[in-house]
Amino acid sequence: MEDKDKPETKAVSLGRMSDEHFGVVNTPVYRASTILYPDLAALKANKQPYTYGRRGTPTTRSFEAAINALEGAARTVTVPSGLNANAVAILSVCGAGDHLLMVDSAYEPTKTFCETTLKRFGVETTYYAPTEDVAPLLKPNTKAVFCESPGSLTFEVQDIPAIAKAAHAKNVSVLMDNTWATPVFFQPLKHGVDLSIQAATKYVGGHADVMLGYVSANDSHAAQLHETHGNLGLYASGDDCFLALRGLRTLPVRLARHQETGLALARWLAARPEVARVLHPALESDPGHALWKRDFSGACGLFGLVLKPAPEAAVAAFVDGLQHFGIGYSWGGFESLIVPAHIRRSTGTFAAEGPVLRLHAGLEDAGDLIADLEKGLARLKEKI
Ligand SMILES: *Cc1c(COP(=O)(O)O)cnc(C)c1O
């Protein structure tokens, strides 16, 4: 595997350890707490690749090695969920008396973590608008700028290289939740981010059957990330890492299809009279399109839909009758989903014309999905 290889090629070969496992293609699931040492001298030297289950097994290391290569990272730690990945990344850079600058379009539970648990440990969080210049907002005690691009629910694209430049000029760390693009479409560390965060629950797992997160660090942040992860006793099971690694093999192929179908749906919806606007950075009309095009190599299947004003009963008639779109949280699996978006903003930077919905374009046929949406919008119109 070489760095110039395309993501499809990398995803197939990364992290494989067949020669250590009798030629078996996939690294098997290791379930381990105790790992035995041959003698006291080995125990004292503490140089075995595997020392204790919590510190990793060949299954976790296979996954982390693959992710390191995809992210261009010095070190990756695997954790039980995407939310936990955000928390451990923040905890590895912030302490009592510090200030964290958090993007207002971040995943809601990440904001809640900052406003409750993190606050209790003496870290102050303030919010910035996704497209705001962060330089004037940095305080003497600012330790980190947290980014998520495109943002959760509203999909604003951030100028990550500009944010990284402003932050690094003041010795401030840059953290980014990159779940939307995955390392296939955007590599945060190559754009100046110090800690790249992923809810592997979504596209990496890809089959709606695993909860997992990871954080990938550059050289300067690897040691503190590793230390924090270890001290908190965080551990992801071999079964879950196995599933995530299995998902990773087809990640670029699935994403290509999610992208194509997502864009087909977005374009079709944007032309409908019931729709105020579609929030999708790969649409030429989107305010974030130029930045997205400059920095990202693709778009996933998740986007937003702002309807023209409509009563709740009309939205329910639209959503409840859909055949191919499930109603539920999470996304990134093979199936299409739709969910109302509840947007909470401190910076007042998002105003919707009507009800906002979040759609995930799954791996079904795009024509079937559009026919389903068309019938749904007819039901909506009847109730307006
Ligand atoms: C879902 C999600 C998370 C949290 O992931 P979980 O595995 O559900 O904890 C974090 N960030 C973003 C952007 C997400 O969409």
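Position labels on residues start from 1 in each chain and follow its written sequence. Local features are withheld for residues below a pLDDT of 70 in this predicted model, meaning they are given only at 70 or higher, and side-chain atom pairs are given and counted only at 80 or more; totals for whole chains, interfaces and linings count all residues. Side-chain measures were taken over the full set of non-hydrogen atoms in the model, leaving aside hydrogen atoms and water.

## Considerations on the site of the ligand
Put simply, the test is: The criterion for a residue being near a molecule or strand is simple. One of its heavy atoms has to lie within 4 Å of it. Between N or O atoms, a polar contact is any pair within 3.5 Å; within protein, one atom must be a potential hydrogen donor and the other a potential acceptor, and residues adjacent in sequence are included only when both atoms are from side chains. Only the protein chains shown count as cover for residues, and the accessible areas themselves come from Shrake-Rupley with a 1.4 Å probe. Here a cavity is any set of points on a 1 Å grid over the protein atoms alone where a 1.4 Å probe fits but cannot get out, and a pocket is any open set with protein on both sides within 12 Å along at least 5 of 7 lines; a residue lines the site when it has an atom within 4 Å of a point. If over half the atoms of a molecule are within 2 Å of the grid points of a cavity or pocket, the molecule is regarded as sitting in it. Every helix listed is a DSSP run of H or I at least four residues long, and every strand listed is a run of E at least two residues long, numbered separately from the N terminus. Here the term charged refers only to Asp, Glu, Lys and Arg, the term nonpolar to Ala, Val, Leu, Ile, Met, Phe, Trp, Tyr, Cys and Pro, and the term polar to all other amino acids, Gly among them.
Around the ligand lies a shell of 14 residues, among which Gly-82, Leu-83, Asp-177, Thr-201 and Lys-202 are the nearest. Here Asp-177 contributes a side-chain N or O atom positioned 2.6 Å from a nitrogen atom of the ligand. Note that an oxygen atom of the ligand is positioned 3.3 Å from one of the side-chain N or O atoms of Trp-331. Protein coverage of the free-state accessible area of the ligand, which is 380 Å², stands at 92%. When atoms are counted within 2 Å of each cavity's grid points, the one that captures over half of the ligand is the largest pocket. Element by element, the count of residues in the shell around the ligand is highest for helix H4 (residues 82-91), at three residues. When the residues that make up the shell around the ligand are grouped by side-chain class, the tally is five nonpolar, six polar and three charged.

## Points about the pairing of strand S6 (residues 195-199)
Operational definition: Buried, partly exposed and exposed residues are distinguished by accessible area as a fraction of the type maximum, computed with a 1.4 Å probe on protein chains only: under 20%, between the cut-offs, and over 50%, respectively. Two strands pair if DSSP finds at least two bridges between them.
For S6, the tally of buried residues reaches five of five residues, placing the bulk of the element in the interior. A two-sided burial pattern is seen for S6, the buried positions comprising Leu-195, Ile-197 and Ala-199 on one face and Ser-196 and Gln-198 on the other. Pairing between strand S5 (residues 173-177) and S6: three bridges, direction parallel. Across the sheet, residue Met-176 finds its bridge partner in S6, namely Ser-196. As defined by bridge partners, S6 adjoins strand S7 (residues 213-217) across five bridges and the pair is classed as antiparallel. In the sheet register, Gln-198 faces S7, and the bridge partner there is Tyr-214.

## Here we look at helix H5 (residues 108-120)
As a reminder of what qualifies: One less than the number of residues in a helix, times 1.5 Å, gives the span that helix is expected to have. Here the bend at a residue means the angle between the axes of two seven-residue stretches, the one that ends at it and the one that starts at it. Pairs of residues are marked as contacts when any of their non-hydrogen atoms sit within 4.5 Å.
A rise of 1.5 Å per residue sets the reference length of H5, with its 13 residues, at 18 Å; its end C-alpha atoms lie 18 Å apart and thus fit the reference within 8%. The sharpest bend along H5 measures roughly 35° and falls at Cys-114. For H5, every residue scored as buried is listed here: Thr-110, Lys-111, Phe-113, Cys-114 and Leu-118. Those residues of H5 that are buried are in contact with H4, strand S2 (99-103), strand S3 (124-128) and strand S4 (142-148). Following H5 by one or two positions, Gly-122 adopts a phi angle in the positive range, close to 85°.

## Examining the environment of Gly-238
Along the chain, the position of Gly-238 falls in helix H9 (residues 238-249). Taking the relative accessible area as the measure of exposure, Gly-238 reaches 2% and is therefore buried. As a C-alpha pair, Gly-238 and Pro-58 span 180 residues in sequence and 8.5 Å in three-dimensional space. Once you skip the residues sitting within four places of it in the chain, Gly-238 turns out to touch Val-29, Tyr-30 and Thr-59.

## Here's the deal with the domain arrangement of the protein
The condition is simple: Annotation comment: domain bounds sourced from an automatic or database domain assignment. Summed over both partners, buried area is the accessible surface (1.4 Å probe) that two parts give up on being assembled. Whenever a carboxyl oxygen of Asp or Glu lies within 4 Å of a side-chain nitrogen of Lys or Arg, that contact is scored as a salt bridge.
Domain parsing of the protein yields domain 1 (7-247) and domain 2 (252-383). In this structure, domain 1 and domain 2 have C-alpha centres spaced 28 Å apart. Counting from both sides, the interface comprises 40 residues of domain 1 and, opposite them, 40 residues of domain 2. With both sides pooled, the region where domain 1 packs onto domain 2 buries about 3,400 Å², and carbon together with sulfur makes up 63% of that total. The interface formed by domain 1 and domain 2 contains four salt bridges. Secondary-structure elements contributing two or more residues to the side of domain 1 that touches domain 2 are helix H1 (7-13), H5, S3 and helix H7 (182-185). Element by element, the count of residues in the side of domain 1 that touches domain 2 is highest for H5, at four residues.

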